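# Structural features, examined
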Amino acid sequence: MTRDHVIVLPGGGYGRISDNESTTIVSWLESLGLSASYFAYPVKTRHPAVVDAVRGEIRRVRETGVERVALVGFSAGGHAAGHTALAPGASVRERVDLVLLSYPVVSMMLPTHRESREHLLGPDATDEERAAASVDLLVTPDAPPFFVWHTAEDPVVPVQHSYLLGMALAAAGVRHALHVFPNGRHGLNLARKEGDGDARLWTGLAEAWLREEGWLP
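Let me sum up the structure you'll find in this document. (Residues numbered from 1 in each chain as written. Predicted model: local features only at pLDDT ≥ 70, side-chain atom pairs only at ≥ 80, totals over all residues. Heavy atoms only, no water.)

### Thoughts on the pattern of salt bridges
A full pass over the atoms with the stated rule returns 13 salt bridges. With a closest N to O distance of 3.1 Å, Arg-93 and Glu-63 form a salt bridge. With Arg-93 in the loop between helix H3 (76-86) and strand S4 (98-102) and Glu-63 in the loop between helix H2 (49-62) and strand S3 (68-74), the pair connects residues that are 30 residues apart, well separated along the chain. Glu-63 sits in the exposed class, given a relative accessible area of 58%. Across the pair Glu-212 and Arg-175 runs a salt bridge, and its minimum N-O distance is 3.7 Å. With Glu-212 in helix H7 (residues 202-212) and Arg-175 in the loop between helix H6 (160-172) and strand S6 (176-181), the pair connects residues that are 37 residues apart, well separated along the chain. Assessed through its relative accessible area of 48%, Arg-175 is described here as partly exposed. The network of salt bridges with shared partners includes Arg-62, Arg-95 and Asp-97. (Salt bridge = Lys/Arg side-chain N within 4 Å of Asp/Glu carboxyl O. Helix = DSSP H or I, 4+ residues; strand = E, 2+ residues; numbered from the N terminus. Buried < 20%, exposed > 50% of the residue type's maximum accessible area, 1.4 Å probe, protein only.)

Spelled out as structure tokens, the structure:
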């Protein structure tokens, strides 16, 4: 029986599920010796449908006997992972034990990445609704450990999103790692292509962090 399991949430701006960040990421995690799967959460649907669906997948995984569940999210999938991990109202079976985010959408208060915000909250969302869906504003001291990485020149989801989350995690005293690489486009996946720069280091850093957190031998 597998004790731990990782659920991967690909990006896609809440309008689609990106093929770029699904099976490739699962294969990488499995190469580390982890049990992993990706989840095609609902898109083009309003909150709380995504959080409800991801929590349902967490419950399903736990029903197989898994004790610890991690979420790995990319871009809008990073928002879905962070939102699910931190939003209030989760049951014991829906809890998340570890979160790893790659170039995540974090804040619904920022004007950037309007696509994700409007798919999730609608074009006329109030400030209150936007704040309630901003991952950085949901951090509490009992949040699980976070690993976050981004590139400083990301033109699609600006690095400010990850900085906001990092500051919130630090203020709450939550165990976390935050890595920002100077160069790299959005949607780097494993960052193994020519021209991806130092972002290629993220997988090694993540592996070391997973080991430090007790998820790898």
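Once you've had a look at it, read on.
### Here we look at the sheet that holds strand S2 (residues 36-38)
In any sheet, the strands associate via hydrogen bonds between backbone groups, in a parallel or an antiparallel arrangement. Spatially, the 6 strands line up as an open sheet ordered S2-S1-S3-S4-S5-S6, and their pairing is parallel. Each edge of the open sheet is held by one strand with a lone partner, namely S2 and S6. Averaged over all pairs of adjacent strands, the angle between their axes in this sheet comes to 15°, without regard to strand direction. In terms of strand pairing, S3 meets S4 through 5 bridges, oriented parallel. Looking at the pairing, Phe-74 lines up with Ser-102 of S4. (Pairing = 2+ DSSP bridges. Axes fitted to C-alpha atoms, helices over the stretch in contact; angles between N-to-C directions.)

### Structural notes on the packing of H2 against H3
Relative to each other, H2 and H3 sit at 75°, their axes nearing to 9 Å. The orientation of H2 relative to H3 falls into the category roughly perpendicular. Only Ala-80, His-83 and Thr-84 of H3 make contact with H2, whose side of the interface consists of Val-50, Val-51, Val-54, Arg-55 and Ile-58. (Parallel < 35°, antiparallel > 145°, perpendicular 65-115°, else oblique. Contact = heavy atoms within 4.5 Å.)

### Section: unusual backbone geometry
Along the chain, His-47 connects to Pro-48 via a cis peptide bond; the corresponding omega equals 15°. Counting through the fold element by element, Pro-48 comes out in the loop between S2 and H2. We note that Asn-189 has phi near 60°; this positive angle belongs to a residue other than glycine. Here Asn-189 is to be found in the loop between S6 and H7.

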